[in-house]
Amino acid sequence: MKIIISILLSFITLTGFSSEFSLSNAISFYSFYGNYISADKEKKSILIADRAKRGEWEAFYIEILKGNKCAIKTFDAIYLRVDTLNRNALFADRKKISEECIFEIDYKNDFNRISLKAYNNKYVSISKDRILVADAVTPPLINSLYSDFNNKNFNIASLSSFQLFLLINSLLIITLSVFAFYFKKNINFSLILLILGGISLRLLAVYLDPFLNIWDERFHALVAKNMIDNPLKPMLFKNPVLPYNYENWTSNYIWLHKQPLFLWQISFFFKILGVSEFVLRVPSLIMSSITIIFIYRIGKIIANQNIAYISALFFTSSYYTIELVSGKMSTDHNDLSFMFYITASLWAYFEYLKSDKLKWVVLIGLFAGLAILNKWLVGLLVYSAWGLNLLLIKENRKRLKKYIYLIVSLSICIIVVLPWQLYINKRFPIESNHEHLYNLRHLTEPIEKHSDTFMFHLNQTIDIYGLHYLIVLLSILLINKLIKKSEYKIAFNTYILIVYLFYTLVATKMYSFTFCISSLVYISISGLFFYLIDNNKVLSAYLTNNKVYLNVIKSIFLIMFSFYLININQIITNHKDNTIFRSDFNSQNKIHNPIYQKFDKLIPGNDYVIFNTPLLENINIMFYTKFTAYDFPLTIDIYNELKSKKVKMATFDNGNLPDFIKNDKDVFIIK
């Protein structure tokens, strides 16, 4: 390991001797809280962690001496030293290397965390006033330093080797699938390739962030973890030692903010595979991959095989689906699971319209009920068109069997949904009543400031589907010319119209609300491409005697558009580290989470309560450890209360700890 580090440092040193200053060739140091270390020229070049942005004063070069000994200098070739007469503080004020300029450098495995050991055999840490001082007997944890070797512009090369493999593998398999569809005319082989390409893309999504995303993935993850041993008791704080507000879903005890099915799914996988960010996202990977088959079947039933394949291809390449799987988008796994069960219920309904068999009636009720158990009453969507088809289609109105089937399906749906609602109303009546009223408030007021204009959901088609809403509307008009039967047409248009109209009228606006019928939107978009490519009479006439060229053009066109839909640049942008602002969310979580995972070994015993964590990162700590954690300081009142109850306390040291904490040896201080 040291040999590798020495090679890296030697390379950086060589590139650092350029006569022209270059930030891309320099090393930056930063703190646990994301502040850059600068040689502050206005304060006698003292080393201080107080900069939000990286510039010349925050740039350093490493000069290898012997082994892991080195000297560190600023961009203008001034060496750092330790001043033993001044708090052991670090200054950048020496033009030549002397004894106090020599450091031993050691790199940790958790996101470029380093230990600097000064010539006085003390480790460099960040003091309470953010000054760098060589006074720690052991390598510090929270008050440690981090370094960034690569501050170049972020691009596809910044993906890890495994992530890059998954991406290239996905693009290659999708490409082969399209060519197989047009040249081999083997739909089963093409679909298998398409599903494999989709799985590879979704695996990439799973591995994009080695941390829990803030809205809302970390909350879902913690509740699911706490349900492993007690699935009928959804809890955010498993052991709330302090009073809590049951109306605040980010800090309460019993967590009924969402319906439980998607949490049960995650919890099940946690139980069999272990608790991790990867396992958290596995259910979403599986469901979004299965949805490819649902979309293909819907497209084939209502239109034709080409429409079916193209719509499945477009969903496979869906940027927004990838981001939901990764947990990046708000409501993440909840909305993806909701989309899955809504799509499953619509698929079962179209199969029922095609065959009129009872088994599909049962499946409709089952999937609709499961959709409600993910995101409440919009899960009843499938029945809206079912009712219209009974009223508008004359032959349906006269058949008693049609009404009986509808009643049977609704009964199954109620049987699936009702037990949980009755249970929480009896077991957690206060929390349950609050959440029911809270859900109703979404209709009339913008909850949590999620408000926008009447055009919000139409304008979001560019972000979700990569197309302007006018193109999506045109696609819906065109697909209607290809839909075979009136019942299919009524159902298809009703579902899209109801979802967009309902969420347009609702006061609370959020990105993923309309994604539940994305399957139908992708089928619509496939209709547009069907007319542009498969049913393009001009193109077909021009290449009437050369079907090979025609199929090549069709394949290339579809492949290019599917790659466009993946939106690789945006995905990388969403998940990159910000090399200019180290306080950005991605950078901070990559720094913090490996530290939190050490807490079980660092803090003696599992019965401590941790205070003063970074904002909302107490949720992460509770996910990675067995501790209860709070993101506010340990006040004298809380201290006295817990002390009287003999509760063990720990606290982050942010440099402003009061004396009653520092003087109590029983309080574990995380430095």
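Right above here is the structure, for reference.
Every residue gets a number counted from 1 within its own chain, in the order that chain's sequence is written. In keeping with the model being predicted, local features are shown solely for residues with a pLDDT of at least 70 and side-chain atom pairs are shown and tallied solely at 80 or more, while totals for entire chains, interfaces and linings include all residues. Based on all heavy atoms of the structure, the side-chain values leave hydrogens and waters out of the count.

Draft legend 1. Representation of a nonpolar patch on the surface. Taken together, the side chains of Leu-358, Val-362, Leu-400, Tyr-403, Ile-404 and Val-408 define a hydrophobic patch exposed on the protein surface, amounting to about 490 Å² of accessible area. Taken together, the elements giving at least two residues each to the nonpolar patch come down to helix H10 (358–375) and helix H13 (400–427). Patches draw on residues past 30% relative accessible area with no salt bridge. Two like charges within 9 Å are joined, as are two nonpolar side chains (Val, Leu, Ile, Met, Phe, Trp, Tyr) within 5 Å. All accessible areas in this document rest on Shrake-Rupley with a 1.4 Å probe, and a residue is counted as covered only by the protein chains that are shown. Salt bridge criterion: a side-chain nitrogen from Lys or Arg within 4 Å of a carboxyl oxygen from Asp or Glu. In DSSP terms, a helix is any run of H or I states spanning at least four residues, a strand is any run of E spanning at least two, and both are numbered starting from the N terminus.

Draft legend 2. Geometry of the pairing of strand E13 (residues 608–611). Accessibility here uses a 1.4 Å probe with only protein chains present; expressed as a share of the type maximum, an area under 20% marks a residue as buried, one over 50% as exposed, and anything in between as partly exposed. Burial along E13 is two-sided: Tyr-608 and Ile-610 and Val-609 and Phe-611, pointing in opposite directions, are all buried. Where E13 meets strand E15 (residues 648–652), 4 bridges bridge the pair, whose relative direction is parallel. Each residue of the ladder has a partner; that of Phe-611, found in E15, is Thr-651. The pairing criterion for strands is at least two bridges between them, as found by DSSP. Where E13 and strand E14 (residues 628–629) come together, 2 bridges link them in parallel fashion. In the sheet register, Ile-610 faces E14, and the bridge partner there is Ala-629. A crossover counts as right-handed when, viewed with the strands pointing away from the observer, the path leading from the first strand over the helix to the second turns clockwise. The handedness of the E13 to E14 crossover, carried by helix H25 (residues 618–624), is right-handed.

Draft legend 3. Highlighting the state of the cysteines. The rule for a disulfide is simple: a pair of cysteine sulfur atoms within 2.5 Å. Here the structure, examined in full by the defined rule, presents 0 disulfides. With no disulfide of its own, Cys-70 lies closest to Cys-101 among cysteine sulfurs, the gap being 11 Å.

Draft legend 4. Main features of helix H11 (residues 381–392). Multiplying 1.5 Å by the helix residue count minus one yields the expected span of that helix. For H11, with 12 residues, the first-to-last C-alpha span of 18 Å sits near the 16 Å given by 1.5 Å per residue. Among the residues of H11, Leu-381, Val-382, Tyr-383, Ala-385, Trp-386, Asn-389 and Leu-390 are the ones counted as buried. Packing partners of the buried residues in H11 comprise helix H9 (332–355), H10, helix H12 (394–397), H13 and helix H18 (486–505). In this analysis, two residues are considered to be in contact whenever any of their non-hydrogen atoms come within 4.5 Å of each other.

Draft legend 5. Looking closely at empty space enclosed by the protein. Using protein atoms alone on a 1 Å grid, points that fit a 1.4 Å probe yet trap it form a cavity, whereas open point sets bounded by protein on both sides within 12 Å along at least five of seven lines form a pocket; residues with an atom within 4 Å of a point count as lining. Grid points are joined across faces, edges and corners, and a volume is the space filled by probe spheres set on the points. Counting across every chain of the model gives 3 cavities of 30 Å³ or more. Lining the second largest cavity are Leu-159, Leu-167, Leu-201, Leu-204, Leu-208, Ile-566, Ile-568, Ile-571 and Ile-572. Of all the secondary-structure elements, those providing two or more residues to the lining of the second largest cavity are helix H3 (187–207) and helix H22 (568–575). Any residue outside Ala, Val, Leu, Ile, Met, Phe, Trp, Tyr, Cys, Pro, Asp, Glu, Lys and Arg is labelled polar, Gly included; the first ten of those are nonpolar and the last four are charged. Across the lining of the second largest cavity, the residue classes break down as 9 nonpolar, no polar and no charged.

Draft legend 6. A look at the sheet that holds E13. With respect to topology, 4 strands assemble into an open sheet ordered E14-E13-E15-E16, the strand pairing being parallel. Bordering the open sheet on either side are E14 and strand E16 (668–670), each of which pairs with just one other strand. By the bridge criterion, 3 bridges tie E15 to E16 in an arrangement that is parallel. Counted as the bridge partner of Phe-652 is Ile-670 from E16.

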